[in-house]
Amino acid sequence: MKQFLRGLRGGFPIGLGYLSVSFTFGIMAISYGLEWWQAVVISMLTLTSAGQLAGIEVMINPGQYFAMLISQLTINMRYSFMSIALSQKASKGFKGIKRWLLGFFMTDEIFAVASQEREISTKFFLGLSVLPYVGWTLGTLLGSLIGNVLPTIVLASLCIAIYGMFLAIIIPPAKKSKPVILVCALAGILHCIFYYVPLFSQIPSGISISLSAIIASIVVSILFPISEEKGAANE
Amino acid sequence: MSDFWIYLVILAGSTYLIRAIPFALISKSIKNRFVRSFLHYIPYAVLSAMILPASFYATGTIASGVAGLIVGFFFAYRGKGLTFVAIASCIGAFLVELLLYIL
């Protein structure tokens, strides 16, 4: 129960961030011609930001099933790496059906918070997932129903929440570890190159984020491999 | 939107499987030093690539986006928690948005 509550607390800022991001998703879904309940069902069953956004863009046209599959696979490729990373930290009892069920909640932010744990228990991961899921669903519902009520500057300001949260996740460990600073800088610069250089800017952001992160991690892993015994604790 | 349900199955199904399969099937601990290092660094790399440069444009105005980031960076560096930093970033961005609105 203690682990569950600790997870719940860890998920609060994520839920808050999701509330604002999915609110925007709800508004966009309506503008793409979906019904409010369709937006909510998508959010409840998918629980991802970039993938859902790309998904409703594909949905405008009929019969684009293959395009839907390919775009989802590339955008979501990063989740596989996160799942592999967390599989190494899951506690002894966190296996089998529990992993099949809770694997659903592997979002960027839940992963980021969970990866700070030495060992992840089932209860902690479940607790961590509750508020983000509620926030994501509720935000979509509110956004699709009353999205046009909020003043635009309030809405715009809320969109930075998720990035503030990312900073709070990466900066404290980066302060203690030069390789972490390097991998962050490298990944950020690479993605800027993907974004701003005309030749690369055609690449969907899901793919370019994955590529930037993979290249940066490979380079830093070669330059600064973590110590054998301590594993992730080598900071 | 008659094929909504087919689209939904592809969207939700592929997203779920790509997350759950590696999580459920990899139960052994990975010994390889390079792979362990890679898995250690990948979360920081993914988050950084998501921040840059998308965060500049998140609010729709570069000035307020950057303001939110600077405020967030400041408090994150000071060791404040996730919720505090997230809210502070929003307030930072909001104040600049407000300023631009008034001017």
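Rules used throughout
- Residue numbering note: each chain is counted from 1, following its sequence as written.
- By the order in which they are written, chains take letters starting at A while ligands take numbers starting at 1.
- For a predicted model such as this one, the threshold for reporting local features is a pLDDT of at least 70, and the threshold for listing and counting side-chain atom pairs is 80 or more; totals across whole chains, interfaces and linings nevertheless cover every residue.
- As a rule here, side-chain values come from all non-hydrogen atoms in the structure, and water together with hydrogens is ignored.
- In this text, helices come from DSSP runs of H or I with a minimum length of four residues, and strands from runs of E with a minimum of two, each type numbered from the N-terminal end.
- Note that the radius of gyration is over C-alpha atoms, with the globule rule given as 2.2 Å times the number of residues to the power 0.38.
- Burial classes follow relative accessibility: with a 1.4 Å probe on protein chains only, a residue under 20% of its type's maximum area counts as buried, one over 50% as exposed, and anything between as partly exposed.
- By definition in these notes, contact holds between two residues if any of their heavy atoms fall within 4.5 Å.
- Only the protein chains shown count as cover for residues, and the accessible areas themselves come from Shrake-Rupley with a 1.4 Å probe.
- What counts as a domain boundary in this text is fixed by an automatic or database domain assignment.
- The charged-residue count follows a simple rule in which Lys and Arg add positive charge and Asp and Glu add negative charge, with His and chain termini not counted at all.
- Take a side-chain nitrogen of Lys or Arg and a carboxyl oxygen of Asp or Glu: if they are within 4 Å of each other, that pair is a salt bridge.
- Polar contact criterion, stated in full: a pair of N or O atoms within 3.5 Å, where within protein one must be able to donate a hydrogen and the other to accept it, and residues adjacent in sequence count only if both atoms are side-chain atoms.
- Confidence scores per residue from the predictor, reported as pLDDT, run from 0 to 100.
- Buried area is understood as the total, over both parts, of accessible area removed when two parts are fitted together, assessed with a 1.4 Å probe.
- Under the grouping applied here, Gly and all other residues not named as nonpolar or charged are polar, the nonpolar ones being Ala, Val, Leu, Ile, Met, Phe, Trp, Tyr, Cys and Pro and the charged ones Asp, Glu, Lys and Arg.
- To count toward a patch, a residue needs a relative accessible area above 30% and no salt bridge. Like charges then connect within 9 Å, nonpolar side chains (Val, Leu, Ile, Met, Phe, Trp, Tyr) within 5 Å.
- To obtain each axis, a line is fitted to C-alpha atoms, and for helices this fit is confined to the stretch in contact; angles are then taken between N-to-C directions over 0 to 180 degrees.
- Angle categories: roughly parallel below 35 degrees, roughly antiparallel above 145, roughly perpendicular from 65 to 115, and oblique for all the rest.
- A clockwise turn of the near helix away from the far one marks a right-handed crossing, whereas an anticlockwise turn of less than a right angle marks a left-handed crossing.
- The length a helix should cover is 1.5 Å for every residue beyond the first.

Would you mind going over the overall build of chain A with me for this structure?
The number of helices and strands found in chain A is 11 helices and 0 strands. N-terminal to C-terminal, the α/β element order of chain A is α-α-α-α-α-α-α-α-α-α-α. Here the C-alpha atoms of chain A give a radius of gyration of 19 Å, agreeing with the 18 Å that 2.2 N^0.38 yields for 235 residues. Buried positions account for 53% of the 235 residues belonging to chain A. In chain A, once contacts between residues fewer than 6 apart in sequence are set aside, the share between residues at least 24 apart is 74%. Only carbon and sulfur atoms are counted for the fraction: they give 72% of the accessible area of chain A, which is about 10400 Å².

Before we go on, may I ask you to explain the domain arrangement of chain A in this structure?
Frequently, the measure chosen for interface size is the accessible area that the parts lose on association. According to the domain assignment, chain A contains domain 1 (2–162) and domain 2 (177–235). Relative placement of domain 1 of chain A and domain 2 of chain A: their C-alpha centres are 23 Å apart.

For this particular structure, what's the right way to read the side chain of Asp3 of chain B?
Inspection of the secondary structure puts Asp3 of chain B in the segment before helix 1 (4–25). Comment: no salt bridge for buried Asp3 of chain B; closest opposite-charge side chain is Arg19 of chain B, at 22 Å. Engagement of the side chain of Asp3 of chain B in a polar contact is seen with the backbone nitrogen of Gly63 of chain A, the distance being 3.0 Å. Within the structure, the side chain of Asp3 of chain B is placed 3.4 Å from the side chain of Tyr65 of chain A, a separation counted as a polar contact. Those residues within four positions of Asp3 of chain B in sequence are excluded, and the remaining contacts are Pro62, Gly63 and Tyr65 of chain A.

So what exactly am I meant to see when it comes to the confidence of the model for chain B here?
For any part of a model where pLDDT is low, the fine detail of the predicted coordinates should not be relied upon. Averaged over all residues, the pLDDT of chain B equals 91, while 98% of them reach at least 70. By mean pLDDT, helix 2 (residues 33–51) of chain B is the weakest element of chain B at 88, and helix 4 (residues 62–77) of chain B is the strongest at 97.

How should I be thinking about the interface of chain B and chain A in this particular structure?
Each side of the interface is counted separately: chain B has 73 residues, and chain A has 101 residues. For the pair chain B and chain A, the summed buried surface comes to about 7900 Å²; carbon and sulfur atoms form 75% of the total. For the pair chain B and chain A, the interface holds 26 residue pairs in polar contact (both at pLDDT 80 or more). The set of elements that each furnish at least two residues to the side of chain B that touches chain A consists of helix 1, helix 2, helix 3 (54–57), helix 4 and helix 5 (82–102) of chain B. Looking at which element gives the most residues to the side of chain B that touches chain A, the answer is helix 1 of chain B, with 19 residues. By residue class, the composition of the side of chain B that touches chain A is 50 nonpolar, 15 polar and 8 charged.

In this structure, what is going on with the environment of Leu34 of chain A? I would like to understand it.
All names here are of chain A. Within the secondary structure, Leu34 sits in the loop between helix 1 (2–31) and helix 2 (36–46). Of the residues examined, Leu34 reaches a relative accessible area of 5% and is grouped as buried. For the pair Leu34 and Phe224, spaced 190 residues apart in sequence, the C-alpha separation works out to 48 Å.

Would you take a moment to explain a nonpolar patch on the surface for this structure?
Residues Ile30, Trp36, Trp37, Val134, Leu138, Leu142, Leu145, Ile146 and Val149 of chain A together with Trp5 of chain B make up a contiguous nonpolar surface patch of about 930 Å² in total accessible area. Per-element tally for the nonpolar patch: the top contributor is helix 7 (residues 122–146) of chain A, with 5 residues. If you trace the backbone, Leu145 of chain A turns up in helix 7.

How should I be thinking about the packing of helix 3 (residues 49–59) of chain A against helix 4 (residues 65–87) of chain A in this particular structure?
Two quantities define a packed helix pair, namely the angle between the axes and the distance from one axis to the other. Residues and elements named next belong to chain A. Remark: helix 3 packs on helix 4, axes separated minimally by 10 Å, with the N-to-C direction vectors making an angle of 165°. Relative to helix 4, helix 3 is oriented roughly antiparallel. Crossing hand, helix 3 versus helix 4: right-handed. Of the residues in helix 4, those in contact with Ala50, Gly51, Ala54, Gly55, Val58 and Met59 of helix 3 are Ala67, Met68, Ser71, Gln72, Ile75 and Asn76. Taken together, the residues of the contact of helix 3 with helix 4 break down into 7 nonpolar, 5 polar and no charged.

How do you make sense of unusual backbone geometry when you look at a structure like this?
Excluding glycine, most residues fall at negative phi; most peptide bonds, likewise, are trans. Geometrically, the link from Leu52 of chain B to Pro53 of chain B is a cis peptide bond, its omega value of -5° lying close to zero. Note that Pro53 of chain B resides in the loop between helix 2 and helix 3. For Leu47 of chain A, which is not glycine, the phi dihedral falls at a positive 55°.

Looking at this model, I keep getting lost on the environment of Ile207 of chain A. Mind explaining?
Residues and elements named next belong to chain A. Within the fold, Ile207 resides in helix 11 (residues 205–223). Since its relative accessible area comes to 22%, Ile207 is described here as partly exposed. Residues Ile207 and Asn76, spaced 131 residues apart in sequence, show a C-alpha to C-alpha distance of 8.5 Å.

What's the story with helix 10 (residues 178–196) of chain A in this structure? I'm lost.
Residue pairs spaced three or four apart in an α-helix point in one direction, given the helix's 3.6 residues per turn. Compared with the 27 Å implied by 1.5 Å per residue over 19 residues, the 27 Å span of helix 10 of chain A between its first and last C-alpha is a close match. Restricting attention to buried positions, one finds in helix 10 of chain A the residues Pro179, Val180, Val183, Cys184, Ala187, Gly188, Leu190, His191, Cys192 and Phe194 of chain A.

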